Amino acid sequence: MQHLSTPRGMDYKVILADGTEVWLNAESRIEFPSNFQGNERRVSLQGEAYFKVARNEQSPFIVSTEQMEVRVLGTEFNLKSYSNEAAHVTLVKGSVEVGDKRLTPGQDAWYDREGNIQVADVDVYDVVQWKDGFFYFNDKSLVTVLRELGRWYNLGVIFRNAHAMNHKVHFSALREGTIEEALSSLNSLRKVKISLQGNNIVVE
């Protein structure tokens, strides 16, 4: 088995033995065999990755995480499964199976607190911009935005103003830009005051 990990602030693309392309986001880990054998192609993921799966109807491609298992034949999808967040699979092309649900393009699936699979329509553009080098958030909570910035720039996040956590914002920036540029853009929205203090992003 092969292991590939990305630290905070770095992403990476790998091509598996079957030709499947995988973009691994920051602070993520994938485990995969050097060569796929048998009647299935199985990998495991911690973190976030975008998969462009090589089609093989005789050998389904299966991605396992701590929270869910995704089964496909040949498709493109994003799978996000960090340990402190609910796992989400978002289908871009083709079809995937999650439990007893089969998704169609533009749908997102996750498990609720009762262990039931929920499915919703989403804008996949929002979900996959990270692999093209952008932060992109449309009507997302500030805590969601800052969690991603913290993961990329290897910073902690402190909310001194707890009410600000659920403020909804529209925000985009280049991932190759600096944290100071990103925070300046967020502050220009004039919803809260955000500053960099040591190794933490602090929200007043």
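This text goes with the structure placed above it.
A quick note: this is a predicted structure, and the numbers were derived from the prediction, not measured. (Residues numbered from 1 in each chain as written. Predicted model: local features only at pLDDT ≥ 70, side-chain atom pairs only at ≥ 80, totals over all residues. Heavy atoms only, no water.)

(A) The nonpolar core, seen in detail. Counting residues in hydrophobic clusters, the biggest one holds 28 residues, and the most contacted among them are Phe51 and Phe77. Mapped onto this core, the elements with two or more residues apiece are strand 3 (21–24), strand 4 (28–32), strand 5 (41–52), strand 6 (61–64), strand 7 (69–72), strand 8 (76–81), strand 9 (88–93) and strand 10 (96–98). The element contributing the most residues to this core is strand 5, with four residues. For Phe77, the residues in contact, after removing those within four places along its chain, are Ala49, Tyr50, Phe51, Val53, Val63, Val70, Val72, Val89, Thr90, Leu91, Val92 and Val96. Counting residues in hydrophobic clusters, the runner-up holds 24 residues, among them Ala26, Val143, Val169 and Ala173. (Core = buried A, V, L, I, M, F, W, Y, C linked by side-chain atoms within 4.5 Å. Buried < 20%, exposed > 50% of the residue type's maximum accessible area, 1.4 Å probe, protein only. Helix = DSSP H or I, 4+ residues; strand = E, 2+ residues; numbered from the N terminus. Contact = heavy atoms within 4.5 Å.)

(B) Region of interest: the layout of surface pockets. Considered as a void within the structure, the largest pocket measures approximately 810 Å³ in volume. For the largest pocket, the lining is made up of 30 residues, of which Lys80, Val127, Phe137, Lys140 and Thr144 are closest to its centre. Those elements that provide at least two residues to the lining of the largest pocket are strand 8, strand 9, strand 12 (107–111), strand 13 (117–121), helix 1 (124–128), strand 14 (134–141) and helix 2 (142–153). It is strand 14 that provides the largest number of residues to the lining of the largest pocket, a total of seven residues. Residues that form the lining of the largest pocket fall into these classes: 11 nonpolar, six polar and 13 charged. Lining the second largest pocket are 19 residues, and of these Glu27, Tyr82, Ser83, Asn84 and Arg151 sit closest to its centre. Residue assignment for the lining of the second largest pocket shows that the elements contributing at least two residues are strand 4, strand 5, helix 2 and strand 15 (156–159). Split by residue class, the lining of the second largest pocket holds four nonpolar, nine polar and six charged. (1 Å grid on protein atoms, 1.4 Å probe; cavity = no way out; pocket = protein on both sides within 12 Å on 5 of 7 lines; lining within 4 Å. Points joined across faces, edges and corners; volume = space filled by probe spheres on them. Nonpolar A, V, L, I, M, F, W, Y, C, P; charged D, E, K, R; others polar.)

(C) Structural view of helix 3 (residues 179–187). Among the residues of helix 3, those classed as buried are Ile179, Ala182, Leu183 and Leu186. The arc that holds every buried residue of helix 3, seen down its axis, measures 95 degrees, which confines them to one face. The inward-facing, buried residues of helix 3 contact helix 2, strand 16 (168–174), strand 17 (194–197) and strand 18 (200–203). (Arc of directions from axis to C-beta.)

(D) Layout of the pattern of salt bridges. In total, this model carries 17 salt bridges according to the counting rule given. Taken together, the shared-partner salt bridges in this structure form one network comprising Arg8, Glu27, Lys80, Glu85, Arg147, Glu148 and Arg151. (Salt bridge = Lys/Arg side-chain N within 4 Å of Asp/Glu carboxyl O.)

(E) Just the packing of aromatic side chains, in detail. Tallied over the full model, the rule gives eight aromatic pairs. Each ring, one from Trp23 and one from Tyr50, has its centre 5.5 Å from the other, and the planes form 70 degrees; the classification is edge-to-face. In this pair, Trp23 is assigned in strand 3 and Tyr50 in strand 5, connecting sequence segments 27 residues apart. Since its relative accessible area comes to 16%, Trp23 is described here as buried. Take Tyr50: its relative accessible area is 3%, and that puts it in the buried class. Relative to Tyr136, the ring of Tyr125 lies with its centre 5.1 Å away and its plane at 85 degrees, an arrangement referred to as edge-to-face. Placement of Tyr125 in helix 1 and of Tyr136 in strand 14 is noted, with a sequence separation of 11 residues between them. Here the aromatic residues Phe36, Phe51, Phe61 and Phe77 are joined through ring pairs into a cluster of three or more. Seen from the ring of Tyr82, Arg151 lies directly overhead, with NZ or CZ sitting 3.4 Å from the centre. We note Arg175 situated over the ring of Trp152; from NZ or CZ to the ring centre the distance is 3.9 Å. (Phe/Tyr/Trp six-rings, centres within 6.5 Å; stacked < 30°, edge-to-face > 60°. Lys NZ or Arg CZ within 6 Å of the ring centre and 35° of its normal.)

(F) Summary view of the packing of helix 2 against helix 3. Between helix 2 and helix 3, whose axes approach to 11 Å, the crossing angle comes to 170 degrees. It follows from the interaxial angle that helix 2 and helix 3 lie roughly antiparallel. Contacts between helix 2 and helix 3 involve Leu142, Val145, Leu146, Leu149 and Tyr153 from the first element and Ile179, Ala182, Leu183 and Leu186 from the second. Tallied by class, residues from the contact of helix 2 with helix 3 come to nine nonpolar, no polar and no charged. (Axes fitted to C-alpha atoms, helices over the stretch in contact; angles between N-to-C directions. Parallel < 35°, antiparallel > 145°, perpendicular 65-115°, else oblique.)

(G) The arrangement of the side chain of Arg175 in detail. You can see Arg175 is positioned in the loop between strand 16 and helix 3. Among the polar contacts listed, one links the side chain of Arg175 to the side chain of Asp11, at a separation of 3.3 Å. There is a polar contact of 2.7 Å between the side chain of Arg175 and the side chain of Asn25. When sequence neighbours within four positions are dropped, the list of residues in contact with Arg175 reads Asp11, Asn25, Trp130, Gly133, Phe134, Phe135, Trp152 and Tyr153. (Polar contact = N/O pair within 3.5 Å; in protein donor to acceptor, adjacent residues only side chain to side chain.)

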